[in-house]
Structure formats: C-alpha cells, structure tokens
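# What the coordinates show
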Amino acid sequence: ALENAAIALGYALLASLTFTLFRRLGVLPMPIWPSAALAIVVAVYRGWQAAPGVALGTVLANFCVLGSSFSFALGIAVMNTLGPLAGGWIVRRLATTRLIIKGPGALLCCFIAIVLLPPLLTATGGIGCKFYLGMIASDELVIGWMKWAVAHSLGSLLFAVPVFAWLSFKEEDQ
C-alpha cells in the first residue's frame, strides 16, 4: 500500500511540475509527459503490483492537477495503467531481471514495449474517452491522438530509457 501511494504521489507530482513548466511557457497541451516514464519504469520492475499506484496517480494528476472532470480522469486511468503494464510485461519476458537484453531483436521489441506500445494505448484510451464524453470533435481525433501519443512517447524516451540504462549499470556494479 505504501509503495502504491509513493507511485501515485510521484506520478501526480511529475504531472504538476510538467504542467506548471509548460503553462508558464505558454505551451499547452504539454508536448512531453514524464509521468509516462514513471509508469513504465514501475510497470517493468513491479508489474501488476504497481497498477493501483499508476491508476491513482493518473486520477490525481488529471482531476486534481489538470482540472479534468472526475469521469474523464477515471477513463484516462484505465489505459494509462494498462498501457505501461502491457509494455512492462513484454520487457520482463525479453530481458533478464537485471534488464540485460540479449540480441538486436529483443532490443527492438523492448524499445517498442517502452517507447511505442504504451503511448499508443494511452492515446487511444484517452482520446477515445474524450470523444465518448463529448470533449473532442470527430475531426480533431487524429491530431489529438497524435499529440497524446507523442507526449507520452517522448516522456518515456527521454526519462524512462535513461533510468533503465542507469539501473542496469548500477546493478552491474554490485
């Protein structure tokens, strides 16, 4: 329970910092979502045990920090949790417990599982929920989906990939 509370708080805190930064820069929607990196990192290392923390963090980030409706925050939480968990499951199948990836094929699959699959799933869930709730017009679906997917993908690429590299080197030294 304490671990999931820390995950939720970390997710919401990253969202708050990101929102504050980009709002001050006048760049909204945010072009990068570092909370996606936290979600995939904990999904790889903790698996389904991290699901409550990621889901709660998503609700807190969207409802409390970004001011979304509670129903939209809950809707986003579904795929913002399942997407990273699916990616984490794939990485755990292809890498050793120390995140040693054997071969270029496994490396490509892990890259896809970290940087592409979760963002595509989260964008589909988030924009689908927005459309279902009447928050986005049908002619804005594709561009909205692309912005969402790119922000989550960049968050994972710029923050999760270096964290995985650092953790694998750290474990190698021990």
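What the chain contains, in helices and strands, is six helices and zero strands. Counted from the first residue to the last, the chain has its helices and strands arranged as α-α-α-α-α-α. Whereas a compact globule of 174 residues would reach a radius of gyration of roughly 16 Å, the chain reaches 16 Å, a difference of no more than 12%. Expressed as lengths along the three principal axes of its C-alpha atoms, the size of the chain is roughly 50 × 35 × 30 Å. Residues classed as buried in the chain amount to 42% of the 174 residues present.

With that settled, the discussion passes to the pattern of salt bridges. If you walk through the whole model with that rule in mind, you get one salt bridge. In this structure, E3 and R46 form a salt bridge, with 2.9 Å as the shortest nitrogen-oxygen distance. Remark: R46 occurs in helix α2 (residues 35-46) and E3 occurs in helix α1 (residues 2-25); sequence separation between them is 43 residues.

With that settled, the discussion passes to unusual backbone geometry. Cis geometry marks the peptide bond from L28 to P29, where omega comes out at 5°. Relative to the elements of secondary structure, P29 occurs in the loop between α1 and α2.

What follows concerns the nonpolar core. Ranked by internal contacts, the top residues of the largest apolar core, which has 15 residues, are I7, Y11, M30, W33, V42, V54 and A61. Going through the elements one at a time, α1, α2 and α3 (51-65) are the ones with two or more residues in this core. Of all the elements, α1 adds the most residues to this core, at five residues. Ignoring sequence-local partners within four residues, the contact set of W33 consists of Y11, A15, A61, L66, A151, H152 and G155. If you look at the next biggest cluster of nonpolar residues, it comprises 13 residues, including I40, V41, I114 and A160.

How each quantity is defined
Just so you know, the residues in each chain are numbered from 1, in the order the chain's sequence is written. Since the coordinates come from a predicted model, pLDDT governs what is reported: local features require at least 70, and pairs of side-chain atoms require 80 or more to be given and counted, while whole-chain, interface and lining totals use all residues. Water and hydrogen atoms were dropped before computing side-chain values, which therefore reflect all heavy atoms in the structure. Only runs of H or I of at least four residues qualify as helices and only runs of E of at least two qualify as strands under DSSP, and these elements are numbered from the N terminus. The reference for a compact globule is 2.2 Å times residues^0.38; the radius of gyration itself is calculated from the C-alpha atoms. Relative accessible area decides the class of each residue, using a 1.4 Å probe on protein chains only: under 20% of the type maximum gives buried, over 50% gives exposed, and in between gives partly exposed. Salt-bridge detection follows one rule: a side-chain nitrogen of Lys or Arg within 4 Å of a carboxyl oxygen of Asp or Glu. Residues belong to one nonpolar core when they are buried, are Ala, Val, Leu, Ile, Met, Phe, Trp, Tyr or Cys, and are joined through side-chain atoms within 4.5 Å. Contacts are residue-level and defined by heavy atoms, with any inter-residue pair within 4.5 Å sufficient.

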